[in-house]
Amino acid sequence: MPKRHASSTGPNEKLNPTRRVSVLLPLPLGTAYDYRQPADMELTPGDFVSVPLGRRQTVGVVWGEGDPAGIEESRLKDVAARLDCPPMPEETRRLVDWVSRYTLSPAGAVLRMAMSIPEALEPAPPRVGYMPAEEMPDIRVTAARKRVLEAIAGGPARGATELAREAAVSTSVVTGLADAGALMRVALPADGDPVAEPDPENPGPKLNDEQKEAGAELAGAVDGGFSVTLLDGVTGAGKTEVYFEAVAAALRDRKQVLVLVPEIALTGQWLTRFARRFGAEPELWHSDLARGRRRRCWRRIAEGRARVVVGARSALFLPFSELGLIIVDEEHDSSYKQEEGVIYHARDMAVVRARLGEIPAILVSATPSLETVTNVDSGRYRSQHLSARHGGAEMPSVELVDMRRNAPPRQRWLAPPLVTALKETLEAGEQSLLFLNRRGYAPLTLCRGCGHRLQCPNCTAWLVEHRFSGKLQCHHCGYATGLPKECPECGAEDKMAACGPGVERLAEEVTALFPEARMSLMTSDTVRGPEAAAAFIEAIANHEIDIILGTQIVAKGHHFPMLTLVGVVDADLGLMGGDLRASERTFQLLHQVSGRAGREDRPGRVMLQTYHPDHPVMLALAEGARDRFLEAEAEMRRDGGWPPFGRLVALIVSGRDEGDVDTAANALGRAGPNSKDMRVLGPAPAPLAILRGRHRRRLLLKATRDIDMQKVLRQWLSRVRWPNGVRVQVDVDPYSFL
Ligand code: ADP
Ligand code: ZN
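Here goes a summary of the coordinates provided. Please read these numbers as outputs of a predicted model, since none were measured by experiment.

Conventions and cut-offs
- Residues numbered from 1 in each chain as written.
- Chains lettered and ligands numbered in written order.
- Predicted model: local features only at pLDDT ≥ 70, side-chain atom pairs only at ≥ 80, totals over all residues.
- Heavy atoms only, no water.
- Patch = residues over 30% accessible without salt bridge, like charges linked within 9 Å, V, L, I, M, F, W, Y side chains within 5 Å.
- Areas by Shrake-Rupley, 256 points an atom, 1.4 Å probe, with all protein chains shown as cover.
- Salt bridge = Lys/Arg side-chain N within 4 Å of Asp/Glu carboxyl O.
- Lys, Arg positive; Asp, Glu negative; His and termini not counted.
- Charge placed at Lys NZ, Arg CZ, Asp CG, Glu CD.
- Helix = DSSP H or I, 4+ residues; strand = E, 2+ residues; numbered from the N terminus.
- Donors = N, O, S within 2.8 Å, 3.2 Å for Na, K, Ca; no water.
- Tetrahedral: all angles 85-135°; square planar, octahedral: opposite > 155°, others 65-115°.
- Buried < 20%, exposed > 50% of the residue type's maximum accessible area, 1.4 Å probe, protein only.
- Disulfide = S-S within 2.5 Å.
- Pairing = 2+ DSSP bridges.
- Axes fitted to C-alpha atoms, helices over the stretch in contact; angles between N-to-C directions.
- Parallel < 35°, antiparallel > 145°, perpendicular 65-115°, else oblique.
- Left-handed = near helix turned anticlockwise from the far one by under 90°.
- Contact = heavy atoms within 4.5 Å.
- Arc of directions from axis to C-beta.
- Nonpolar A, V, L, I, M, F, W, Y, C, P; charged D, E, K, R; others polar.
- Phe/Tyr/Trp six-rings, centres within 6.5 Å; stacked < 30°, edge-to-face > 60°.
- Lys NZ or Arg CZ within 6 Å of the ring centre and 35° of its normal.
- Near = heavy atom within 4 Å.
- Polar contact = N/O pair within 3.5 Å; in protein donor to acceptor, adjacent residues only side chain to side chain.

**Here we look at a negative patch on the surface**
Okay, step 1: A cluster of acidic residues, Asp377, Glu631, Glu635 and Asp639, forms a negative patch on the protein surface.
Okay, step 2: Here the negative patch gets 3 residues from one element, more than from any other, and that element is helix H17 (residues 626-640).
Okay, step 3: Structurally, the position occupied by Glu635 is in helix H17.

**Structural notes on the coordination of the zinc ion (ligand 2)**
Okay, step 1: Listed as protein donors to the zinc ion (ligand 2) are Cys456 (SG), Cys459 (SG), Cys474 (SG) and Cys477 (SG); their distances from the metal cover 2.2 to 2.4 Å.
Okay, step 2: Around the zinc ion (ligand 2) sit 4 donor atoms; with metal-centred angles ranging over 104 to 115 degrees, the donor geometry is tetrahedral.
Okay, step 3: Counting gaps between the donor residues of the zinc ion (ligand 2) yields the pattern C-x2-C-x14-C-x2-C. Placement of Cys459 in the loop between strand S20 (444-447) and strand S21 (464-466) and of Cys474 in the loop between strand S22 (471-473) and strand S23 (480-482) is noted, with a sequence separation of 15 residues between them.
Okay, step 4: The buried category is assigned to Cys459, whose relative accessible area is 4%.

**Quick notes on the state of the cysteines**
Okay, step 1: Across all of its chains, the model carries 0 disulfides by this definition.
Okay, step 2: With no disulfide of its own, Cys447 lies 3.7 Å from the sulfur of Cys490, the closest cysteine sulfur.

**What to know about the sheet that holds S21**
One key point about sheets: their strands pair by backbone hydrogen bonds, in either a parallel or an antiparallel sense.
Okay, step 1: The sheet built from 3 strands is open, its strands ordered S21-S22-S23 with antiparallel pairing. Each end of this open sheet is capped by a strand with a single partner; those strands are S21 and S23. Ignoring which end each strand starts from, the neighbouring axes of this sheet average 35 degrees apart.
Okay, step 2: Bridge count for S22 against S23 is 3 bridges, and the pairing is antiparallel. Bridging across to S23, Leu472 finds its partner in Thr481.

**Details of the packing of helix H3 (residues 143-152) against helix H4 (residues 160-167)**
Okay, step 1: Where H3 meets H4, the closest approach of the two axes is 9 Å, and the angle between their N-to-C directions is 110 degrees. If you check the angle between H3 and H4, you find them roughly perpendicular. The handedness of the crossing between H3 and H4 comes out as right-handed. For the pair formed by H3 and H4, the contact residues are Arg147, Val148, Ala151 and Ile152 on the first element and Leu163, Glu166 and Ala167 on the second.

**Notes on the side chain of Ser520**
Okay, step 1: On the secondary structure map, Ser520 appears in strand S25 (residues 519-522).
Okay, step 2: A residue is classified by how much of its surface remains accessible, and Ser520, at 18% relative accessible area, is buried.
Okay, step 3: Apart from residues lying up to four places away in sequence, Ser520 is in contact with Phe536, Ile545, Ile547, Ile548 and Leu549.

**Observations concerning H4**
Okay, step 1: Listed as buried for H4 are Ala160, Leu163, Ala164 and Ala167. Buried residues of H4, viewed axially, fall in a sector of 100 degrees; they line one side. Looking at H4, the residues exposed on the side facing more than 90 degrees away from the buried face are Thr161 and Arg165.
Okay, step 2: Against strand S6 (127-132), H3, strand S7 (158-159) and helix H5 (171-179) lie the buried residues of H4.
Okay, step 3: Note on H4: the residue one or two positions beyond its end, Ala168, has a positive phi of about 55 degrees.

**Topic: unusual backbone geometry**
Okay, step 1: A cis amide bond, omega 5 degrees, links Pro643 with the succeeding residue Pro644.
Okay, step 2: Of note, Pro644 is situated in the loop between H17 and strand S29 (646-655).
Okay, step 3: Gly682 connects to Pro683 through a cis peptide bond whose omega is 10 degrees.
Okay, step 4: Mapping Pro683 onto the fold places it in strand S30 (residues 678-691).
Okay, step 5: Of note, the phi angle at His543 is positive, near 60 degrees, even though the residue is not glycine.
Okay, step 6: Relative to the elements of secondary structure, His543 occurs in the loop between helix H14 (529-541) and strand S26 (547-550).
Okay, step 7: Positioned with a positive phi, Asp733 is a non-glycine residue whose angle comes to about 55 degrees.
Okay, step 8: The topology assignment puts Asp733 in the segment after strand S32 (727-732).
Okay, step 9: Taking relative accessible area as the criterion, Asp733 reaches 23% and is therefore assigned partly exposed.

**Describing the packing of helix H6 (residues 209-220) against helix H7 (residues 239-252)**
Okay, step 1: One way to put it is that H6 packs onto H7 with a least axis distance of 8 Å and a crossing angle of 35 degrees. Relative to H7, the crossing made by H6 is right-handed. Contact residues: Gln211, Ala214, Gly215, Leu218 and Ala219 in H6; Val242, Tyr243, Glu245, Ala246 and Ala249 in H7.
Okay, step 2: Taken together, the residues of the contact of H6 with H7 break down into 7 nonpolar, 2 polar and 1 charged.

**Observations regarding the sheet that holds S6**
Okay, step 1: Taken in spatial order, the 3 strands of this open sheet run S7-S6-S8, and their pairing is antiparallel. Here the strands that pair on one side only, and so sit at the sheet edges, are S7 and strand S8 (183-188).
Okay, step 2: In this sheet, S7 lies alongside S6 in antiparallel orientation, the contact comprising 2 bridges. Its bridge partner lying in S7, Tyr130 is registered against Arg158.
Okay, step 3: Against the sheet, H5 touches S6 and S8, its axis set at about 110 degrees to S8.

**Here's the deal with the packing of aromatic side chains**
Okay, step 1: Counted under the stated rule, the structure contains 10 aromatic pairs.
Okay, step 2: On the numbers, 6.1 Å between centres and 65 degrees between planes, the contact of Phe48 with Trp298 is edge-to-face. Note that Phe48 is positioned in strand S3 (residues 48-53) and Trp298 in helix H9 (residues 291-302), a separation of 250 residues in sequence.
Okay, step 3: By relative accessible area, Phe48 is classed as buried at 1%.
Okay, step 4: Seen from their ring centres, Phe317 and Tyr344 are 5.5 Å apart, and the 90 degrees between their planes marks the pair as edge-to-face. Taken together, the residues span a long stretch of sequence, with Phe317 in the loop between strand S12 (308-311) and strand S13 (323-328) and Tyr344 in strand S15 (residues 344-345) at a distance of 27 residues. As far as the burial class goes, Phe317 and Tyr344 line up, both buried.
Okay, step 5: Linked through ring pairs, Tyr243, Phe244, Trp270, Phe274 and Phe278 together constitute an aromatic cluster.
Okay, step 6: The aromatic ring of Tyr441 is capped on one face by Arg467, whose charged end is 3.7 Å from the ring centroid.
Okay, step 7: When the ring centre of Tyr735 is taken as origin, the NZ or CZ atom of Arg581, which lies over that ring, is 3.7 Å away.

**Focus: the site of ligand 1**
Okay, step 1: As a structural note, the neighbourhood of ligand 1 is formed by 16 residues, with Lys206, Gln211, Gly236, Lys239 and Arg273 the closest of them.
Okay, step 2: At 2.6 Å from an oxygen atom of ligand 1 is found a main-chain nitrogen or oxygen belonging to Gly236.
Okay, step 3: Measuring from an oxygen atom of ligand 1, one finds a backbone N or O atom of Ala237 at 3.2 Å.
Okay, step 4: Within the complex, the protein chains bury 82% of what would otherwise be the 560 Å² of accessible surface of ligand 1.
Okay, step 5: Broken down by element, the residue count for the shell around ligand 1 peaks at 3 residues, all from H7.
Okay, step 6: The residue inventory of the shell around ligand 1, partitioned by class, reads 4 nonpolar, 7 polar and 5 charged.

Set out below in structure tokens:
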């Protein structure tokens, strides 16, 4: 008999006459396993338990009652222990089930995202702090010891690491002082010092009328059950200040708030504004946090002590016990889609989480996704619109630079009109941003002798030259190698030539044009980690930089008062490849970058270098015609039956043996559903036909909206067997078509 699909039951129901419980384990398993509940143990759904699995002990979550008709009594094993930590809330468990069902991922794989920090389930390790001793013993006081004693005098007890960092000594100096009796050891609170709570009554900025009205609407939704509201407003309208009103309302109700942001490294300015508005820091959640901090954060959330959490998409699976509001900032951002492991869209799952918890969700963007706009149009979502920039700042003017008529000199990429504008901006003492969404020095290196192109040995991709690190890199698999002197194909010496620009090469051009300008390069290669990003952004805000060169990490959200010129070096870049959302994504990205210009009293100017000045995306950007663009885009998708007007699922078949992959992909294609409502496209080689040494084929299932795709997929996949070593990944609502 097949196992039941795991499904979590309600809260606090006492389990069960048979004393069998089903326990879901954070492993890529589709089902929960049954265990016996020992006579002296009371368990309720959500409890974290340790159970035997094979020869080892594993921690899992009680998911519901066991199945009396399941494995026979004699083979049933006992739950070993119930862990001493708050149970996983019902909404989180239901979210795990929901995501598993929707994405066709094993429930255990989804659970693993909700248990990302296993140490949090154990009692906190004791933390030792240091204080000055009552009496100073007679010891030799070196310079290093002196710094420690000065640092500790007067302040609260601190851990050795923190104290050592403050005094710029090694921890052994601190422990040495304690051993000598000059410092006293004391116990620190295990879960970190009590943190100040954000205060909703702390005065915020005075909102203008439009902001006030939108803020009141959002705040009003806070105790009204489930709802989704799009907060749509031009760049610089003050959307953050407006949704802070809803945050305040939730805090007044003693509810927790989750704010999802696309890129946590870029939240420096956001955090400052939050602290100014609420007089305290929010809790920050992301994967780069040190384990100890993540552990404490997880505990504080589970215990309801963390009131506001700002995090990347994985924060959705944190064990909020009193969540009352979810905000998805920059809701259109493609980094909300997780493309590996469990493939899910955090914006969509945030809406699911809101529905499960019967709480409101607010989606925020200046360039909302067509999905969200369509939901507003159909009345499923509400919307609030901010039509003007705060403080009377004008929207920037957008010019198209026709590259066919304004060709830059050979081996240069800035057209004369943009160079002139840069010069004018420098002379006016203002800042410029040059945007090129291409890391490295050159996207392609070829041999001028034989035309050979340097390719990744593991992927269907060219190697990108990174001149600072002196390497050729594959941006798909991380392969890196030195730059060859000779062509690996024809052996010619000194014939390898860089083709096309990356930001590093653009930096060369800018330096040559404006040697006296202070220029800085902002990419994920030059700015590593949240601290570095914050320092960089502060330097720009303080006008320590004249010309900023950057990839998409400069495009998002920042507010730089002196930035008046934005130049987009290759506006056509995102239109190539032509997938379903190429136009939409290009519009969003370029609109976002453009929105960095002229945010205060100095008017902004945007120049888009393009070879296709008649393309609808370019025209819409130049004319500021967002809604017209969205309507045209919607019409095209509606006519073709594409999302959001139809449904789409991608299957990616991959493996090391090309023949096996083809066999499996063809078998899937033949077994696929085919009716007037549903069609299978492919199989076809993926654009990334080889990735990390695996051959890849893609199939697309396209259907009308009323089709239950999950059911169709389960039936389809169950009809086909594929050889070992071939993997079939299911991507429901695909965003990447590589
Ligand atoms: P958006 O997210 O809509 O692009 P922001 O929320 O970043 O805009 O706001 C732009 C700038 O204007 C920020 O520096 C913000 O602090 C400021 N701002 C917005 N509204 C107000 C207000 N009512 N009073 C004072 N400053 C405001
Ligand atoms: Zn590669």
